[in-house]
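# Structural overview
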Amino acid sequence: MKNIPWRGEISIQQVLMMMRDDPSNRFWLAFVRATGKDAGSIKIVSSAVYGAPLDGYNKRRPAGKMPASALHTEKGTLPITDSTNGQYLSPLISHIIGFNLYKVKH
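We now turn to the structure provided with this report. Numbering of residues begins from 1 in every chain and follows the order in which that chain's sequence is written. Since the coordinates come from a predicted model, pLDDT governs what is reported: local features require at least 70, and pairs of side-chain atoms require 80 or more to be given and counted, while whole-chain, interface and lining totals use all residues. To obtain the side-chain values, all non-hydrogen atoms of the structure were included, while hydrogens and water were left out.

## Digging into the overall build of the protein chain
Each helix and strand counted, the protein chain has 2 helices and 7 strands in total. Each residue is assigned to one of three classes by its accessible area relative to the maximum for its type, calculated with a 1.4 Å probe on protein chains only: buried under 20%, partly exposed between the two thresholds, exposed over 50%. By the burial criterion, 32% of the 106 residues in the protein chain qualify as buried. Long-range pairs, those at least 24 residues apart, make up 60% of the contacts in the protein chain with a sequence separation of at least 6. In short, Shrake-Rupley with a 1.4 Å probe defines the accessible areas, and a residue's cover is counted only from the protein chains shown. Split by element, the accessible area of the protein chain, about 6900 Å² in all, is 52% carbon and sulfur. Helix and strand labels come from DSSP, where a helix needs a run of H or I of at least four residues and a strand needs a run of E of at least two; each type is numbered from the N terminus. Residues count as neighbours in contact if any of their non-hydrogen atoms are within 4.5 Å of one another.

Spelled out as structure tokens, the structure:
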């Protein structure tokens with residue numbers, strides 16, 4: 001991550017507030033992948049939006065199931081969509097290392 005021109009530092013609480021404040025805002029995000037064959041590598045999303053994509057992913061949950069926001073809170077993840085390709089991502093909050101070119105402090 002030496003090649004990233006960091007602007008400074010920002011707290012994870014500020015990051016979460018900024019993401020959730022206006023879900024239509026696009027932001028730059030860097031996080032460490034936690035699972036899969038790429039676990040441990042850094043994923044950079046140059047244009048992300050908070051929330052799941054609107055192409056059918058947000059369908060209603062069956063009765064009695066927790067709302068999606070409660071599931072993410074319980075698991076410590078964030079619903080993120082890569083706005084360049086529509087890919088849905090759910091990184092662990094604890095694995096977020098960069099937001100809008102700021103280093104994230106936990």
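Moving on, there is more to tell.
## Let's talk about the pairing of strand E3 (residues 42-50)
Bridge analysis of strand E2 (residues 27-32) against E3 gives 5 bridges, and the strand direction is antiparallel. Bridging across to E3, Leu 29 finds its partner in Val 45. As paired elements, E3 and strand E4 (residues 80-82) share 3 bridges and run antiparallel to each other. Each bridged residue has a counterpart across the sheet, and for Ala 48 the counterpart in E4 is Asp 82. By the convention used here, strands pair only if DSSP detects at least 2 bridges between them.

## Concerning the sheet that holds E4
On the basis of which strands lie adjacent, the open sheet formed by 7 strands has the order E1-E7-E6-E2-E3-E4-E5 and mixed pairing. The open sheet has two edge strands, strand E1 (9-11) and strand E5 (88-89), and neither has a second partner. By the bridge criterion, 2 bridges tie E4 to E5 in an arrangement that is antiparallel. Bridge pairing in E5 links Ile 80 to Leu 89.

## Things to note about helix H1 (residues 12-21)
All of the buried residues along H1 are Ile 12, Val 15, Leu 16 and Met 19. Along the long axis of H1, the arc covered by the buried residues comes to 95°, so they all point the same way. Structural note: H1 exposes Gln 13, Met 17 and Asp 21 on the side pointing more than 90 degrees away from its buried face. Residues of H1 that are buried sit in contact with E1, E2, E3, E4, strand E6 (96-99) and strand E7 (102-105). It is the directions from the helix axis to the C-beta atoms whose arc is reported.

## Things to note about the packing of aromatic side chains
Centre distance within 6.5 Å is the pairing criterion for rings of Phe, Tyr and Trp, where only the six-membered ring of Trp is used; planes under 30 degrees apart are then read as stacked, over 60 as edge-to-face, and the remainder as tilted. Inspection of the entire model under this criterion finds 2 aromatic pairs. Ring geometry for Phe 27 against Phe 99: centres 5.3 Å apart, planes inclined by 40°, an arrangement best described as tilted. Linking Phe 27 in strand E2 with Phe 99 in strand E6, this pair joins segments that are 72 residues apart in sequence. A relative accessible area of 5% means that Phe 27 is categorised as buried.

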